[in-house]
Amino acid sequence: MRAMLVAMARKTANDDPLAPVTLAVGQEDLLLDRAVQEVVAAAKAADADTDVRDLTPDQLQPGTLAELTSPSLFAERKVVVVRNAQDLSADTVKDVKAYLGAPAEEITLVLLHAGGAKGKGLLDAARKAGAREVACPKMTKPADRLAFVRTEFRTAGRSATPEAGQALVDSIGSDLRELASAVSQLTADVEGTIDEAVVGRYYTGRAEASSFTVADRAVEGRTAEALEALRWSLATGVAPVLITSALAQGVRAIGKLSSARGGRPADLARELGMPPWKIDRVRQQMRGWTPDGVSVALRAVAEADAGVKGGGDDPEYALEKAVVTIARAARSRGRA
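Everything numeric here is computed off the predicted structure, so don't read it as measured data.

Asker: Please explain the overall build of the protein chain as it appears in this structure.
Answerer: In terms of regular secondary structure, the protein chain is built from 17 helices and 5 strands. Expressed as a percentage of its 336 residues, the buried residues of the protein chain come to 44%. A fraction of 75% describes how many contacts in the protein chain between residues 6 or more apart in sequence connect residues 24 or more apart. Looking at the protein chain as shown, the accessible area adds up to about 16,900 Å², and 51% of this sits on carbon and sulfur atoms.

What follows is the structure, given as structure tokens:
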């Protein structure tokens, strides 16, 4: 994870946004757009009259780059952005490679490349020419998105608890633009440290967030609150299958941590594949649990899952039954 964050913020040996060539590599649209915006902002700071040309492969025909980068009588600064550079025609790629060998002064070329095998020759040529590189990897793992949210808060100069970051990821989902927008809204509207309660007030209507609220209350043995959260979730249109999934994750986390060797949260996090903050939360939730209780709860989840997927006549009843069973299992140690 640390390596990915370093890569995201990577500025190769040349850390100047006004380097002759910037190469933005990856498929995460938000990060690609930010790479462009950084260069344009630096250029306009140097010259408010900077001419920006933002081109797609079909707009960059053979000879077009030479026209755009030819010397000007007015010596104006220019930024030329080439999107989806991996899709350029063979003849245009030749033009770009030739330009990389002798870039023009006062002109910054920004190449956006998906980073795959397609167009790899151009990618390699830009790197060999010493282009400044910005990594823009697609974030497919929840842990990557959580790291992104934490970085957004730090960049904004704001403090947010680990639970707040996770709640935001659970609430918003995988769209980085929405996550960035949510961080921006929270930092603009909220003073002081941003915690889980604040995120809940803003985004409590999201399906993922409400599903995990049901699961958290159930595994904590808080039956009434779990049922209240369940009914609210169903009333607002949350799909029952999302709730069974959250319940399963909650119970499995209890089982995994209870059977793990003792140790620091960081060590357990690596062993169990959980973020350290979640280790602390699950430790608090598992206090009333026994191995038998986990088994009972897992059976209840399996029955509920079958019920909401067509195996029963009343999905809502199946969920209520599971929630009650799990909450009772959470207090099984006290009754032993």
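Asker: What is the right way to look at the sheet that holds strand β4 (residues 107-113) in this model?
Answerer: Paired through their backbone hydrogen bonds, the strands of a sheet run either parallel or antiparallel. As summarised here, the arrangement of the 5 strands in space is β2-β3-β4-β1-β5, forming an open sheet in which the pairing is parallel. Of all the strands in the sheet, just β2 (51-55) and β5 (132-136) have a single pairing partner and so form its edges. Taken pair by pair, the neighbouring strands of this sheet meet at an average axis angle of 15 degrees, ignoring direction. Across 5 bridges, the pairing between β2 and strand β3 (residues 78-82) is parallel. Pairing of Leu55 across the sheet is with Val82, part of β3. Helix α4 (residues 90-101) contacts β1 (21-26) and β4 of the sheet and is inclined by roughly 135 degrees relative to β4. With respect to the sheet, helix α5 (residues 120-128) is in contact with β1, β4 and β5, its orientation differing from that of β1 by roughly 135 degrees.

Asker: Quick question: what am I supposed to make of the environment of Val294 here?
Answerer: Within the element layout of this structure, Val294 appears in helix α15 (residues 291-311). For Val294, a relative accessible area of 10% puts it in the buried group. As for Val294 and Val251, which are separated by 43 residues in sequence, their C-alpha atoms are 6.7 Å apart.

Asker: In this structure, what is going on with the pairing of β5? I would like to understand it.
Answerer: For a regular strand, side-chain orientation follows a simple rule: the groups alternate between the two sheet faces. Within β5, 5 of the 5 residues are buried, which leaves the element mostly enclosed by the surrounding structure. Here β5 shows no split at all, with Arg132, Val134 and Cys136 on one side and Glu133 and Ala135 on the other all buried.

Asker: Hey, could you run me through the packing of helix α2 (residues 29-46) against helix α8 (residues 176-189) in this one?
Answerer: The packing of two helices is summarised by the inter-axis angle and the distance between the axes. With their axes 8 Å apart at the nearest point, α2 and α8 run at an angle of 65 degrees to one another. When the interaxial angle is binned, α2 and α8 end up roughly perpendicular. Residues Asp29, Leu30, Leu31, Asp33 and Arg34 of α2 lie in contact with α8, whose contacting residues are Leu176, Arg177 and Ala180. Its residues placed into classes, the contact of α2 with α8 shows 4 nonpolar, no polar and 4 charged.

Asker: Explanation requested: the packing of helix α7 (residues 162-172) against α8 in the structure shown.
Answerer: Taken N-terminus to C-terminus, the directions of α7 and α8 make an angle of 130 degrees; their axes are 10 Å apart at the nearest point. Our classification of the angle between α7 and α8 gives oblique. Two packed elements cross with a definite hand, and for α7 against α8 that hand is right-handed. Every residue of α8 that contacts α7 at Leu168, Val169 and Ile172 is listed here: Glu178, Leu179, Ala182, Val183 and Leu186.

Asker: How do you make sense of α8 when you look at a structure like this?
Answerer: Given 3.6 residues per helical turn, the α-helix brings residues three or four places apart onto the same face. Across its 14 residues, α8 extends 20 Å between first and last C-alpha, which sits within 8% of the 20 Å expected from 1.5 Å per residue. Those residues of α8 that fall on the buried side of the exposure criterion are Leu176, Leu179, Ala180, Ala182, Val183, Leu186 and Thr187. Across the axial projection of α8, the buried residues extend over an arc of 160 degrees, all falling on one side.

Asker: I keep staring at the environment of Leu31 and nothing clicks. Help me out?
Answerer: Note that Leu31 resides in helix α2. With relative accessibility at 9%, the residue Leu31 sits in the buried group. Sequence separation between Leu31 and Pro137 is 106 residues; the distance between their C-alpha atoms is 7.9 Å.

Asker: Help me understand the nonpolar core in this model?
Answerer: Soluble globular proteins: nonpolar side chains tend toward being buried together. Formed by 36 residues in total, the largest nonpolar core has its most connected members in Phe148, Val149, Leu168, Leu179, Leu186, Ile194 and Val199. Counting residues per element, the ones that place at least two in this core are α2, β3, β4, β5, α6 (142-155), α7, α8 and α9 (196-203). Among the elements that line this core, the one with the most residues is α2, at 8 residues. Here Leu186 is in contact with Phe153, Leu168, Ile194, Val198, Val199, Tyr202 and Tyr203, once residues within four sequence places are set aside. Ala215, Ala229, Leu230 and Ala246 belong to the second largest nonpolar core, which has 31 residues in total.

Asker: How do you make sense of unusual backbone geometry when you look at a structure like this?
Answerer: It is generally the case that most residues other than glycine have a negative phi and that most peptide bonds are trans. Its identity is not glycine, yet Asn84 carries a phi of approximately 50 degrees, on the positive side. Here Asn84 shows up in the loop between β3 and α4. In this model, Glu106 sits at a positive phi of 65 degrees, which is unusual for a non-glycine residue. Looking at the secondary structure, you find Glu106 in the loop between α4 and β4.

Asker: Explanation requested: the pattern of salt bridges in the structure shown.
Answerer: Oppositely charged side chains can form a pair if their charged atoms are brought close together. This model, assessed by the stated rule, comprises 14 salt bridges. Between Arg83 and Asp54 there is a salt bridge, and its shortest N-O distance comes to 2.8 Å. Here the residue Arg83 occupies a position in the loop between β3 and α4, and Asp54 occupies one in strand β2, the gap between them amounting to 29 residues. Residue Lys118 pairs with Asp87 through a salt bridge whose shortest N-O separation is 2.7 Å. In this pair, Lys118 sits in the loop between β4 and α5 while Asp87 sits in the loop between β3 and α4, placing the two residues 31 residues apart along the sequence. Given the relative accessible area of 54%, Lys118 is considered exposed.

Thresholds applied
- Residues numbered from 1 in each chain as written.
- Predicted model: local features only at pLDDT ≥ 70, side-chain atom pairs only at ≥ 80, totals over all residues.
- Heavy atoms only, no water.
- Helix = DSSP H or I, 4+ residues; strand = E, 2+ residues; numbered from the N terminus.
- Buried < 20%, exposed > 50% of the residue type's maximum accessible area, 1.4 Å probe, protein only.
- Contact = heavy atoms within 4.5 Å.
- Areas by Shrake-Rupley, 256 points an atom, 1.4 Å probe, with all protein chains shown as cover.
- Pairing = 2+ DSSP bridges.
- Axes fitted to C-alpha atoms, helices over the stretch in contact; angles between N-to-C directions.
- Parallel < 35°, antiparallel > 145°, perpendicular 65-115°, else oblique.
- Nonpolar A, V, L, I, M, F, W, Y, C, P; charged D, E, K, R; others polar.
- Left-handed = near helix turned anticlockwise from the far one by under 90°.
- Expected span 1.5 Å × (residues − 1).
- Arc of directions from axis to C-beta.
- Core = buried A, V, L, I, M, F, W, Y, C linked by side-chain atoms within 4.5 Å.
- Salt bridge = Lys/Arg side-chain N within 4 Å of Asp/Glu carboxyl O.

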